[in-house]
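Commentary on secondary and tertiary structure
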Amino acid sequence: QVRLVESGGGLVQPGGSLRLSCAASGSLVSLYVMGWYRQVPGKERELVAMITSEGRSNYADSVKGRFTISTDNTKNTVYLQMNSLKPEDTAVYYCKREQTPGWTTFTYWGQGTQVTVSS
């Protein structure tokens, strides 16, 4: 089993910055994909950014140039640095980890952290 604990959400003014953290613990394997998703009420959960254990990353078009995903493998933690925040970035942000220890891929989600961008 894998546990993901997110932190770093909160209220920020437009144009401000936040850094989200997601700490993974439990039965971790070295090959993985981790990502940040977000969801607002009434809408589908959408991918914000993802990163592989090899360091390859991908971003939603809406956050390119503003958000940066990174990892610290010594701490089993993935970060999402969010700059130039806009009101439309307001959402619950979820951390996701996918790993394949054998023939099966397992997916784990964090509990979510609220990000509110408002003046």
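Everything below is about the structure printed above this text.
Everything in this summary refers to the structure shown in the same document. Since the structure is predicted, the reported quantities are computational estimates derived from the model, not experimental observations.

Going through the model one piece at a time under the given rule, you end up with two aromatic pairs. Judged by centre distance (6.5 Å) and plane angle (85°), the rings of Tyr94 and Trp109 are edge-to-face. With a gap of 15 residues between them, Tyr94 in strand E9 (residues 91–99) and Trp109 in strand E10 (residues 106–109) connect regions that are remote in the sequence. For Tyr94, a relative accessible area of 15% puts it in the buried group. Relative accessible area serves as the criterion here: at 37%, Trp109 is assigned to the partly exposed category. Three or more aromatic residues joined by ring pairs make a cluster, and in this case those are Tyr37, Tyr94 and Trp109.

Another point: the environment of Ala24. Positionally, Ala24 belongs in strand E3 (residues 18–26). Overall, the relative accessible area of 8% leaves Ala24 in the buried class. Taking the C-alpha atoms as reference points, Ala24 and Cys95, 71 residues apart in sequence, are found 9.6 Å from one another. Excluding its chain neighbours within four sequence positions, the residues that come into contact with Ala24 are Arg3, Leu4, Asn76 and Arg97.

Reading guide: rules and limits
Residues numbered from 1 in each chain as written. Predicted model: local features only at pLDDT ≥ 70, side-chain atom pairs only at ≥ 80, totals over all residues. Heavy atoms only, no water. Phe/Tyr/Trp six-rings, centres within 6.5 Å; stacked < 30°, edge-to-face > 60°. Helix = DSSP H or I, 4+ residues; strand = E, 2+ residues; numbered from the N terminus. Buried < 20%, exposed > 50% of the residue type's maximum accessible area, 1.4 Å probe, protein only. Contact = heavy atoms within 4.5 Å.

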